[in-house]
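Given next are the chains, with one letter for each unit.
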Amino acid sequence: EDIVDTDNTMGDIKQKMMDEGAASVHICTLLFKPDAFKGNYRVDYIGKEIPDRFVVGYGLDYDGLGRNLPSIYQIKPNI
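Residues numbered from 1 in each chain as written. Predicted model: local features only at pLDDT ≥ 70, side-chain atom pairs only at ≥ 80, totals over all residues. Heavy atoms only, no water.

Student: Could you give an account of unusual backbone geometry, with specific residues and numbers?
Tutor: With phi around 55°, Tyr58 is a residue other than glycine that occupies positive phi space. Locating Tyr58 in the fold gives a position in the loop between strand S4 (55-56) and strand S5 (73-74). Note on Tyr58: relative accessible area 56%, which makes it exposed. Of note, Asp63 is a non-glycine position whose phi angle comes to about 50°, a positive value. If you trace the backbone, Asp63 turns up in the loop between S4 and S5. Looking at Asp63, the relative accessible area reads 70%, which means it is exposed. (Helix = DSSP H or I, 4+ residues; strand = E, 2+ residues; numbered from the N terminus. Buried < 20%, exposed > 50% of the residue type's maximum accessible area, 1.4 Å probe, protein only.)

See below:
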């Protein structure tokens, strides 16, 4: 996975794989937001833990923008 934050996606995918008969499923992510994570499973391999902030770049986008940036950047909140 590119990023694991609230668990809206990966938990469902893991459960579907287990329901289909997988002996085990391991989760690997580039970025992990522990403060946002609400899942009840273990993330087995984590590239980097980051704060609960919105990031773009390196394949991550915001409304289609920023995906092709060569590094990962935090979007500055509009205050």
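Student: How would you sum up the environment of Ala22? Please name residues and give values.
Tutor: Locating Ala22 in the fold gives a position in the loop between helix H1 (10-19) and strand S2 (28-32). A sequence separation of 14 residues divides Ala22 from Ala36, and the C-alpha atoms of the two residues are 27 Å apart.

Student: Would you mind going over the layout of surface pockets in detail, with residue names and values included?
Tutor: Quantified by volume, the largest pocket comes out at close to 190 Å³. Forming the boundary of the largest pocket are Asp2, Ile3, Asp5, Lys33, Arg53, Phe54, Val55, Gly59, Leu60, Asp61 and Arg67. Tallied by class, residues from the lining of the largest pocket come to 4 nonpolar, 1 polar and 6 charged. (1 Å grid on protein atoms, 1.4 Å probe; cavity = no way out; pocket = protein on both sides within 12 Å on 5 of 7 lines; lining within 4 Å. Points joined across faces, edges and corners; volume = space filled by probe spheres on them. Nonpolar A, V, L, I, M, F, W, Y, C, P; charged D, E, K, R; others polar.)

Taken by themselves, the reported measurements are silent on function.
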